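Descriptive analysis of the structure
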Amino acid sequence: MDLDWNNEERDLYDGVVTFCKESLQHDVGALDANSEFPKEAWQSCADFGVLGWRVPAELGGKDYPASLVAFLMEAFGYGCEDNGLAFALGTQLWGVQTALLQFGNEEQLEKYVPGMLRGELIGAHAMNEDSSGSDAFAIETTAVADGDDFLLNGEKTLVTFAPNADFAIVFAKTAPDAGQWGISTFLVDADTPGYTASEPDEMMGLRTAPYGRVLLEDCRVPSSSMLGKTGAGASIFGFIQSWERSLVLAPHVGAMQRLLEQSLAFARERKRGGAPIGKHQAIAHRIADMKLRLETARLLLYDTVRKQQDGAADMMGSALSKIYLSECLTQTALDAVAIHGGDGYLTEAGIERNLRDAIGATIYSGTTDVQRNIIARLLGL
Amino acid sequence: MNIDALREYIQTEILNDPKFVIDADQDLLLSETLNSLSVTLLIAHIETTCDVHIPPEDVTLENFSTLRSIETYIGSIAN
């Protein structure tokens, strides 16, 4: 399949794959077992420039178009077996940097972006609460004006990077009676008094991407920490989500390619009854379906991304893409386990980890059920 | 885009109810006549029809609570 990548872009893709295979040597299985964030690998990614791919040149970044960043994140998903690290990078690129670059003023950009590029600062996107979830705007965290400051109170849950973030983008109600239209957005440094981060939550998969809670107790922030306008929090959140849903799953395409190649090699090598297991129709058809999912998911991803970067808010495309890529990777990972049999079930080979990692994408950034609701409404139901 | 055009779009394309009564100063957001998905569709329609760009941070209660405030906002960015 040719998606019109030029030679320079293909060289960049190959460079990312090489970087992943040669420079990211951490023991993913061990870190996964301990739910441990690969700090050194993160720094290697920063040094390689991953965190600057989206950032404008004047701030020290590469200013690549979103479609190219998606292509390079596909390469990352292919070259790097640490799906949690790929997800963590995606949340920085699409969840945190999107917010800063679109809505941050000059002072806010200077304060946070260069440090993120160097790998010295990590941001968290703190929207979810126990009271909200799929009803995203039903948050209860408040931000009450107090002189030139705001006092933040509430608890954020399921926050990527909560345990080790240096700052968080916090959504809070500045006008509690105005529903979603009373939500505003704040940049809150993790060392602010009243800001407490939890230890990492134990998760089914993506264990190298730390998740946790952020507790805000009379957390005083200056009004200059507000991101965007008062009451624009819901719109800012929606904007971030439209990018994140379209793009955070780009590494899935690379992961599907990786699992296909691993399964293909195994099916050719492993023999039963005197013949490679790939000669058995049950195995061969699973691999054919893996190929079908890979190619169709790739088409949908780049179609959505290119519309998004052209300025068309493609709600239908991002919802379709979010559902399809997450469900394709889940089924492909399940097929990879089945093809590898007992080897796939044991943790040593790392095949089963891909299945555990895949499930998360059907939940984060809006569950697949919510995406189907969006599609149904857009179809007039 | 004037109040009548906005009203007609909301009635026919969003609410699927051409007879739904919407006064020019009637609240659309706090009353949840328009939900977040509806607002997104409305914005896309305004951007296409009026050839304007509406920054996400401008989508606030102040600018989008009534047909009249939307009309005023469109006028402010179109000039």
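Thresholds applied
- Residues numbered from 1 in each chain as written.
- Chains lettered and ligands numbered in written order.
- Predicted model: local features only at pLDDT ≥ 70, side-chain atom pairs only at ≥ 80, totals over all residues.
- Heavy atoms only, no water.
- Helix = DSSP H or I, 4+ residues; strand = E, 2+ residues; numbered from the N terminus.
- Expected span 1.5 Å × (residues − 1).
- Buried < 20%, exposed > 50% of the residue type's maximum accessible area, 1.4 Å probe, protein only.
- Contact = heavy atoms within 4.5 Å.
- Polar contact = N/O pair within 3.5 Å; in protein donor to acceptor, adjacent residues only side chain to side chain.
- Pairing = 2+ DSSP bridges.
- Domains from an automatic or database assignment.
- Buried area = accessible area lost by both parts, 1.4 Å probe.
- Salt bridge = Lys/Arg side-chain N within 4 Å of Asp/Glu carboxyl O.

All names here are of chain B. Helix length check: helix α1 (residues 3-14), at 12 residues, gives a terminal C-alpha distance of 15 Å against a target of 16 Å (1.5 Å per residue), a fit within 8%. Turning to α1, its buried residues number three or more, namely Ile3, Leu6, Tyr9, Ile10, Gln11 and Ile14. If you follow the buried residues of α1, they end up packed against α2 (36-50) and α4 (67-78). Two to three positions downstream of the cap, the backbone nitrogen of Asp4 sits 3.2 Å from a side-chain oxygen, assigning the N-cap of α1 to Asn2. Positioned one or two residues after α1, Asn16 has a phi angle of 55°, which is positive.

On to the side chain of Ser35 of chain A, then. All names here are of chain A. Turning to its location among the elements, Ser35 is positioned in the loop between α2 (28-33) and α3 (39-48). Taking relative accessible area as the criterion, Ser35 reaches 14% and is therefore assigned buried. Filtering out sequence-adjacent residues up to four positions away, Ser35 remains in contact with Glu202 and Arg207.

Before going further, it helps to spend a moment on the pairing of strand β2 (residues 142-146) of chain A. Residue and element names in this part refer to chain A. With 5 bridges connecting them, β2 and strand β3 (residues 149-160) associate as antiparallel partners. Following the sheet pairing, Ala145 is matched in β3 by Phe150. Hairpin geometry of β2 and β3 is characterised by an intervening segment of 2 residues between the two adjacent antiparallel strands and by a positive phi of about 65° at Gly147.

Moving on, we get to the domain arrangement of chain A. Residues and elements named next belong to chain A. What the domain assignment reports for chain A is domain 1 (7-122), domain 2 (124-230) and domain 3 (249-378). Using C-alpha coordinates to define each centre, domain 1 is positioned 22 Å away from domain 3. Every contact between the two is made by 17 residues of domain 1 and, on the other side, 19 residues of domain 3. A buried area of about 1600 Å², summed over both sides, lies between domain 1 and domain 3, and 51% of it is on carbon and sulfur atoms. The largest share of the area that domain 1 buries against domain 3 comes from Glu74, Tyr78 and Asn83, three residues that together contribute 37% of it. On inspection of domain 1 and its partner domain 3, the count reaches 2 salt bridges. Going through the elements one at a time, α2, α4 (66-79) and α5 (83-103) are the ones with two or more residues in the side of domain 1 that touches domain 3. Among the elements that line the side of domain 1 that touches domain 3, the one with the most residues is α4, at 8 residues.

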